[in-house]
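Each chain is listed here by its residues.
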Amino acid sequence: MPLDQSLPVPFERPPLPSLMRNRLRPDVLAMQRYLVQPSQGLLKMDAMENPHRLPLELQQLLGARLGALELNRYPGLRLDDLRAALAAHAGVPQGFELVLGNGSDELISMLAMAFDRPGACVLAPVPGFVMYGVSAQLQGLKFVGVPLNQRFELDEPAMLAAIMQHQPSLIYLAYPNNPTANLWDEAVIDRIIAAAPGFVVLDEAYQPFAAKSYMGRIAGHEHVLLMRTLSKFGLAGVRVGYLAGPAALVRELDKVRPPYNISVLNAECALFALEHSEVFAAQARDIVVQRVVLQAALAALPGVETFQSDANMVLVRLAPFAGSGEDVASTVFQRMKVRGVLVKNMAGFHPLLANCLRLTVGAATENQAMLNALKESLCQAIQ
Ligand SMILES: *Cc1c(COP(=O)(O)O)cnc(C)c1O
């Protein structure tokens, strides 16, 4: 019998390494994984997590509520309740609606997807939140990082020039910024908003600890979005972020959202937390008090420069000392880790962050342990 011509010719599929090399995106192959630092047995002061847990009584109430959910059903109308509760909590102005994300990280990816047109560009000051650049790159958008000045303030002429040159579709301004923790000059932000040819996203992830917010000032703008998350508020494990924007725009953005991105557990947990928002507000107040205490103690340490913080983190720059080696931040980071305290080594993230560590503000006893570990690590005699 003649062979059926339509049958595929036998072939040998290459082994996995070459198959991956031939089929996966080269930029993905070249990427580094997002590194979650192993933290077992360490005091975790690297990721701006709220040190406080729910009081026991609330844990039990929440457990009962989560247990009673219809886990067999896809998330549904309860998400309308969540959007309404978040809008009320945050004071979202009339005419603005919310898109929900599985953390702000997902919203940032969704924005990159929604604005992915040929030649489109995302612009943000650097050093800043890494996901702005990562999400742009993964989506194939150009990312333009505009360096802050030496004091980590916005470089207004450089920002305005870059905006003119690159005509970004999206500008991210984290308010306060991560990892520098400061709030930028409002007058400069206003001029950037005025100059933006596309949209501006104000990322207020650290709003619970900040003296100021843009929420009261976005109503007059049709090209300004405001993003928040419940992560730094105290629910980093729950994964709920939200983006407020003019209703017409939000409806478009919502089209790129995976339809069931917020699980029934996430939604109910977030609703529960908002019903008990005074508990979280008290936690945030404590963290702000502890930040002041920590800042004062850090300022008293010789060889440690601290920067203004409106977040639950403090950026410090270390002066090299005898025995610190070339890379003082890495030396001190390692020594602190040996002493059981995990912070974030920012050296290598950006030239402006040379010799810098980022410390999360925790509870009083945690901050004291972190300070002790830092002090000991700065001492030449101790290896
Ligand atoms: C932590 C952080 C976020 C958000 O994180 P999610 O946990 O994904 O909500 C967003 N922006 C900045 C600047 C952050 O530091």
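Below, the structure is looked at part by part. (Residues numbered from 1 in each chain as written. Predicted model: local features only at pLDDT ≥ 70, side-chain atom pairs only at ≥ 80, totals over all residues. Heavy atoms only, no water.)

## Focus on helix H8 (residues 186–195)
Note the cut-off: Working definition: with a 1.4 Å probe on protein chains only, accessible area under 20% of the residue-type maximum means buried, over 50% means exposed, and in between means partly exposed. Each helix is a run of DSSP H or I of at least 4 residues and each strand a run of E of at least 2, with the numbering of both proceeding from the N terminus. Think of it as the arc spanned by the lines of direction from the helix axis to the C-beta atoms. Residues count as neighbours in contact if any of their non-hydrogen atoms are within 4.5 Å of one another. For the purposes of these results, a polar contact is taken to be a pair of N or O atoms within 3.5 Å, where, inside protein, one atom must be able to donate a hydrogen and its partner to accept one; residues adjacent in sequence count only when each atom of the pair is a side-chain atom.
Of the residues making up H8, those classed as buried are Val188, Ile189, Ile192 and Ile193. One face of H8 carries all of its buried residues, which in axial projection span an arc of 140°. Check the buried side of H8 and you find it contacts helix H7 (156–166), strand S5 (170–174), strand S6 (199–203) and strand S7 (224–229). Residue Asp185 occupies the N-cap position of H8, its side-chain oxygen lying 2.8 Å from the main-chain nitrogen of Ala187.

## A word on the environment of Val36
You can see Val36 is positioned in the loop between helix H2 (26–30) and strand S1 (43–44). Put simply, Val36 and Asp46 are 10 residues apart on the chain and 9.7 Å apart in space, counted from C-alpha to C-alpha.

## Overview of helix H13 (residues 328–338)
Here H13 has its buried residues at Val328, Ala329, Val332, Phe333, Arg335 and Met336. Buried residues along H13 cover an arc of 170° about the axis, so they all sit on one side. Check the buried side of H13 and you find it contacts strand S10 (313–318), strand S11 (341–342), strand S12 (344–345), strand S13 (356–360) and helix H14 (364–378). The first or second residue beyond H13 is Gly340, which carries a positive phi of 90°.

## Remarks on the packing of aromatic side chains
Spelled out, the test is: Here a Phe, Tyr or Trp ring, Trp counted by its six-membered ring, pairs with any other such ring whose centre lies within 6.5 Å, and the pair is stacked when the planes are under 30 degrees apart, edge-to-face when over 60, and tilted otherwise.
Tallied over the full model, the rule gives seven aromatic pairs. Between Tyr132 and Tyr172 the ring centres are 4.1 Å apart and the planes differ by 5°, which places this aromatic pair in the stacked class. Highlighted residues: Tyr132 in helix H6 (residues 130–139) and Tyr172 in strand S5, separated in sequence by 40 residues. Taken as a pair, Tyr132 and Tyr172 share a single burial class, namely buried.

## Some thoughts on the site of the ligand
Note the threshold: Here a residue is considered near a molecule or strand provided that any single heavy atom belonging to it is located within 4 Å of it. Note on areas: Shrake-Rupley with a 1.4 Å probe; residue coverage comes only from the protein chains shown.
Around the ligand, the surrounding shell holds 13 residues, and the nearest of these are Asp203, Tyr206, Thr229, Ser231 and Lys232. The contact in question runs from an oxygen atom of the ligand to an N or O atom on the side chain of Arg239, over 2.7 Å. In isolation the ligand has 390 Å² of accessible area, and contact with the protein removes 93% of it. Secondary-structure elements contributing two or more residues to the shell around the ligand are helix H5 (104–114) and helix H9 (231–235).

Any functional reading would require information beyond the geometric quantities listed.
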